[in-house]
Each structure stands twice: as structure tokens, then as C-alpha cells.
Amino acid sequence: MEPDLPTEVILTHPRQSLGKVMLDWTPQPGNYLDLEGKTYAVLERRHRYQLKAGRYRLNKIALYVQSAARPAEKSFVEGRWVIGDASCRFNAHSELIRCAVNPEGPCDRCRYYETHM
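A. Layout of the environment of Gly84. Here Gly84 is to be found in the segment after strand 7 (80-83). In this structure, the C-alpha to C-alpha distance between Gly84 and Asp24, residues 60 residues apart in sequence, is 28 Å.

Rendered as C-alpha cells:
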């Protein structure tokens, strides 16, 4: 992404624009974004292009977010951070959801915890 590209932040439910910001990093789905004292999970990123001089150029980005708290538990798996203890058999290995049996966590007190190794 080009640095300091205009980025519109859109809350998914209820659908509303939270405003436009200039970001100097590449927000991916699963990342967290702090905006005006609140934390949001990035669900989707869409690019908007503009035709200029016969070429399409990235003009702005739209981020679709939802309110979220940063997870206390994270694991680094295959080059990315996932929520919860990735050694558990039920962990989803996802940036957005911990697991099916205990999605709210925490993993260390979960009665279903099983290592899958």
C-alpha cells in the first residue's frame, strides 16, 4: 500500500462511516485498529481505483470493521498471529475467531483444551 493513503473506516453493524483517516501501515483482516479511543477488528479491506492518464491507480481504501477488544492470548503460527493457544486441537488458527467450543476464551481455563501434537 502507498503510505498515507486516504482510508475510510466503516463500521459493519450498524452500518456507518467512522470517518476518513490517513494510515502509514497496511491493515489486513484480523488486525486491530485504534480510532478515537476505541478498538476495532478489521474484517475486510477494499481498494478503490481511479483511472488517471490511461492507468488505474489506487485512490483510497475502505476498511470494514467491528468493535472489539484486543485478545489477551495470541500465538504466532506460520508467520501470522492467531487468537488463543494454537496448540489446542480446537483452535481455529484464525485472526478473527479463537475456536468453536470456547470462542470467548480464555484457553487456559477451558475444559475442552486438548493438545493436537
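The rest of the description comes next.
B. Focus on the pairing of strand 5 (residues 55-67). Bridge count for strand 1 (residues 5-11) against strand 5 is five bridges, and the pairing is parallel. By the bridge assignment for strand 5, Ile10 is matched with Tyr64. Bridge count for strand 4 (residues 38-52) against strand 5 is 12 bridges, and the pairing is antiparallel. The residue of strand 5 that forms the bridge with Glu44 is Tyr64.

C. Just the nonpolar core, in detail. Ranked by internal contacts, the top residues of the largest apolar core, which has 13 residues, are Val9, Leu33, Leu63 and Val65. Counting only elements with at least two residues in this core, the list comes to strand 1, strand 2 (16-23), strand 3 (32-35), strand 4 and strand 5. Per-element accounting of this core gives the leading share, four residues, to strand 5. Not counting residues up to four positions away in its chain, the partners in contact with Val65 are Val9, Ile10, Leu11, Thr12, Leu18, Tyr40, Ala41, Val42 and Leu43.

D. Inspection of the side chain of Ser87 at higher detail. Residue placement: Ser87 occurs in the segment after strand 7. Among the polar contacts made by the side chain of Ser87, one reaches the side chain of Asp85 at a distance of 2.7 Å. A distance of 2.8 Å separates a polar atom in the side chain of Ser87 from a polar atom in the side chain of Tyr113.

Rules of the game
Residues numbered from 1 in each chain as written. Predicted model: local features only at pLDDT ≥ 70, side-chain atom pairs only at ≥ 80, totals over all residues. Heavy atoms only, no water. Helix = DSSP H or I, 4+ residues; strand = E, 2+ residues; numbered from the N terminus. Pairing = 2+ DSSP bridges. Core = buried A, V, L, I, M, F, W, Y, C linked by side-chain atoms within 4.5 Å. Buried < 20%, exposed > 50% of the residue type's maximum accessible area, 1.4 Å probe, protein only. Contact = heavy atoms within 4.5 Å. Polar contact = N/O pair within 3.5 Å; in protein donor to acceptor, adjacent residues only side chain to side chain.

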